[in-house]
Amino acid sequence: MITSRPLHDPAAQIQAEHGGEPTSSLDGGLAASLERIARLAATLLHAPAAVIALLGDDRRCFGWGDGLPDWYAHDVGVLVRSGLSERIGGPQPLILEDIRSDGVGAASPPSELAFAGVAGVPLIASDGRRLGMLCAIDPCPRQWSDADVAVLNDLAATATIELDLRCRLDERMVAERELRHNAMHDALTGLPNRALFMEQLERSVNRTHRRPDDLFAVLFLDLDNFKIVNDSVGHHAGDALLVTVARRLEQCMRGGDIVARLGGDEFAILLEHVSQISDTAPIAERIQRALAAPIDLGGYQVFTSVSIGVALSTSASELPDYLLRSADMAMYRAKRGGRARFEFFDPGMHAEALRRLQMETDLRRALERGEFCLYYQPIVAIDTGHVAGVEALLRWRHPERGLVLPADFVPLAEETGLILPLGTWVLSEACRQIDAWRSELGDGAPLTLGVNLSVKQCTQRDLVRQVSRALEETAFDPARLRLEITESAIMENPELAAQLLTSLKALGVHVHLDDFGTGYSSLSYLHRLPLDAIKIDRSFVSRIDAEPQALHLVRTILTLARNLGLETVAEGVATAEQWRQLRELGCTYGQGFLFSPPLHPNEMTMLLHTAPAW
Ligand code: C2E
Ligand code: CA
Ligand code: CA
């Protein structure tokens with residue numbers, strides 16, 4: 001009879017009985033060796049049975065012989081109760097003629113053990129750890145000879161070598177497993193990384209080759225405001241945010257789904273067994289709800305949201321890479337649609353992405369080829385109707401598309417970072433143009449110059465230096481420059497914006513808050529910013545002659561501005577009635593088609609020659 005049982009560890013026993021894996025890999029090979037050694041011991045000592053009882057995590061027993069007692073197969077607790085298990089773990093040999101008269105300190109009748117003679121020697125590893133004991137046992141009392149003990153010692157040494165070897169193999173396996181785990185997981189969140197995600201995706205794609213009806217979906221997630229948190233609260237907080245997001249994402253998912261971190265603030269999810277793309281909508285909503293709850297970052301409460309793109313595996317020919325890119329494109333659409341949204345991929349998005357890529361290439365080339373130019377729109381003193389200044393407005397003379405307006409390329413220039421060199425060019429070109437008018441027209445030249453700054457420019461540490469360099473190079477008087485910054489640029493990071501404005505003001509330039517009323521800003525922060533003027537957005541100004549509410553709002557803004565000592569510019573003045581109302585309300589400046597649209601520099605020169613007053 002050859003059997004093996006856990007020794008005296010009920011947990012291991014339960015695990016073994018329920019088919020769980022043993023706690024270490026005492027695989028068939030090792031078990032067979034240990035049983036062979038037990039058999040040799042029994043045979044050489046003419047004993048009815050022998051066992052190797054292991055300690056440690058395994059607590060298993062390997063034995064051979066007809067005389068194996070009942071506990072060996074059924075109730076390992078007997079050994080524990082008998083107190084014998086203690087001595088099996090000890091460093092000394094255990095040589096007993098009759099265990100029943102020895103009295104091992106038993107709480108239970110030794111008869112339960114169903115044997116009398118026992119000769120055991122410890123198994124001690126090369127590093128001194130006790131591994132267990134090799135015991136020969138006999139149902140009858142028995143005198144053991146020195147030769148018996150010597151044989152047992154030799155066999156114990158052999159068993160120890162086997163176990164030692166196995167132990168080292170196990171360690172190597174664990175190390176290898178750990179290495180593979182690290183290569184395939186993200187160190188920060190512990191989630192699968194891009195490599196593992198792609199591997200799983202490949203597996204799912206292969207499955208759809210075999211079972212075309214068993215579809216899956218890929219979700220591409222990108223946090224909406226991660227950069228702000230990282231920049232304002234710090235990298236540790238950023239890391240903590242990512243970990244919290246990872247845990248919440250895991251909680252949203254079913255067992256078989258895979259959540260991975262692709263890098264930065266990008267995550268991906270693989271949803272198995274999806275029948276149609278709309279099935280994923282509730283899951284995307286669940287994710288968004290889970291992430292909507294505030295996250296505490298060591299005292300700071302931050303809110304985060306996520307943009308999600310979803311792509312469904314549709315045909316068997318699709319590649320993992322293609323699917324992930326499709327989900328990415330859908331995510332991009334969600335982000336552009338206003339964040340905290342999700343979008344399903346449709347094949348048209350590939351065409352759109354291509355168009356964008358083409359446009360991006362065109363944009364880069366346009367800067368080299370000098371295809372950009374500036375138009376100028378007069379800013380008029382509301383009370384006199386004289387030109388007080390101009391605002392420089394960017395245009396792109398596209399070789400095929402003609403004159404392209406900023407709305408069609410500034411956002412892309414922002415995303416690609418191209419707005420930075422472009423913005424630098426705008427600043428010096430505009431300063432140069434005003435000086436040219438100055439030389440040509442003397443006092444007839446516009447006094448002030450408005451230049452728009454993009455969000456990206458405002459988050460650049462270098463901005464102040466760039467502005468001062470442009471001023472120096474063109475010898476432009478800083479007091480005549482008005483930098484126009486939108487509310488949204490300020491709201492991206494109000495604290496940083498306040499610092500920036502202060503440094504800009506130190507150069508002597510004026511700062512105007514552009515598009516006022518359209519952002520999320522509260523009026524309350526206005527007084528904390530070192531502003532010179534606010535530009536009231538066109539959407540309000542254009543309605544004051546038709547809607548009492550708009551009139552009321554503009555009046556409120558004007559009162560507020562006056563109380564804060566700020567000048568006011570009304571944008572988009574289009575009718576004489578609007579102008580009249582603005583004059584009555586005490587607005588300082590106006591700009592709009594009523595006076596003039598933005599003009600090419602040559603047209604502007606002609607206009608200025610006429611010294612207009614509207
Ligand atoms: P903005 O700064 O609010 O500029 C005013 C926009 O309103 C201009 O559009 C101008 O043509 C338009 N506008 C002026 N008066 C009227 C009017 O009476 N009615 C109507 N319907 N529109 C009027 P434009 O030139 O297309 O510029 C759009 C936006 O592009 C600008 O809005 C500004 O945010 C951005 N932009 C323009 N040039 C630059 C630039 O050099 N750098 C950056 N970063 N952004 C720029
Ligand atoms: Ca502006
Ligand atoms: Ca504006």
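Going by the structure above, here's the rest.
Notes on the structure follow.

Conventions and cut-offs
Residues numbered from 1 in each chain as written. Chains lettered and ligands numbered in written order. Predicted model: local features only at pLDDT ≥ 70, side-chain atom pairs only at ≥ 80, totals over all residues. Heavy atoms only, no water. Phe/Tyr/Trp six-rings, centres within 6.5 Å; stacked < 30°, edge-to-face > 60°. Helix = DSSP H or I, 4+ residues; strand = E, 2+ residues; numbered from the N terminus. Buried < 20%, exposed > 50% of the residue type's maximum accessible area, 1.4 Å probe, protein only. Pairing = 2+ DSSP bridges. Axes fitted to C-alpha atoms, helices over the stretch in contact; angles between N-to-C directions. Contact = heavy atoms within 4.5 Å. Donors = N, O, S within 2.8 Å, 3.2 Å for Na, K, Ca; no water.

## A look at the packing of aromatic side chains
Link 1 in the chain: Scanning the model with the defined rule gives seven aromatic pairs in all.
Link 2 in the chain: With a centroid separation of 5.7 Å and 35 degrees between ring planes, the pair formed by phenylalanine 372 and tryptophan 396 is classed as tilted. On the criterion of sequence distance, the pair formed by phenylalanine 372 in strand E14 (residues 372–381) and tryptophan 396 in strand E15 (residues 387–398) is long-range, its members being 24 residues apart. Of the two residues, phenylalanine 372 and tryptophan 396, neither departs from the other in class, the shared state being buried.

## Some thoughts on the sheet that holds strand E9 (residues 266–274)
Link 1 in the chain: Spatially, E8-E9-E7-E12-E13 is the arrangement adopted by the five strands of the open sheet, whose pairing is mixed. The open sheet has two edge strands, strand E8 (258–263) and strand E13 (342–344), and neither has a second partner. This sheet shows a mean twist of 20 degrees between the axes of neighbouring strands, independent of strand direction.
Link 2 in the chain: As paired elements, strand E7 (residues 215–223) and E9 share seven bridges and run antiparallel to each other. Paired with leucine 219 across the bridge in E9 is isoleucine 269.
Link 3 in the chain: Contacts from helix H8 (residues 194–210) reach E7, E8 and E9, with the element oriented near 20 degrees to E9.
Link 4 in the chain: Running over the sheet, helix H12 (residues 320–336) touches E7, E8, E9, strand E12 (306–312) and E13 and is turned about 140 degrees from E12.

## What to know about the coordination of the calcium ion (ligand 2)
Six octahedral donors at a metal ideally form angles of 90 or 180 degrees, and four tetrahedral donors ideally form angles of 109.5 degrees.
Link 1 in the chain: Looking at the metal site, the calcium ion (ligand 2) is ligated by Glu391 (OE), Asn452 (OD1), Glu484 (OE) and Asp514 (OD), spaced 2.1 to 2.3 Å from it.
Link 2 in the chain: Between consecutive donor residues of the calcium ion (ligand 2), the sequence gaps follow E-x60-N-x31-E-x29-D.

## Observations concerning the pairing of E15
Link 1 in the chain: Burial runs high along E15: 10 of the 12 residues are buried.
Link 2 in the chain: Across nine bridges, E14 lies against E15 in antiparallel orientation. Bridging across to E15, tyrosine 376 finds its partner in alanine 392.
Link 3 in the chain: In this antiparallel pair of consecutive strands, E14 and E15, the connection spans five residues, and glycine 385 shows a positive phi of 80 degrees.
Link 4 in the chain: Here three bridges tie E15 to strand E16 (residues 402–404), and the two strands are oriented antiparallel to one another. Pairing of arginine 397 across the sheet is with leucine 403, part of E16.
Link 5 in the chain: Connecting E15 to the antiparallel partner E16 that follows it, the hairpin turn spans three residues.

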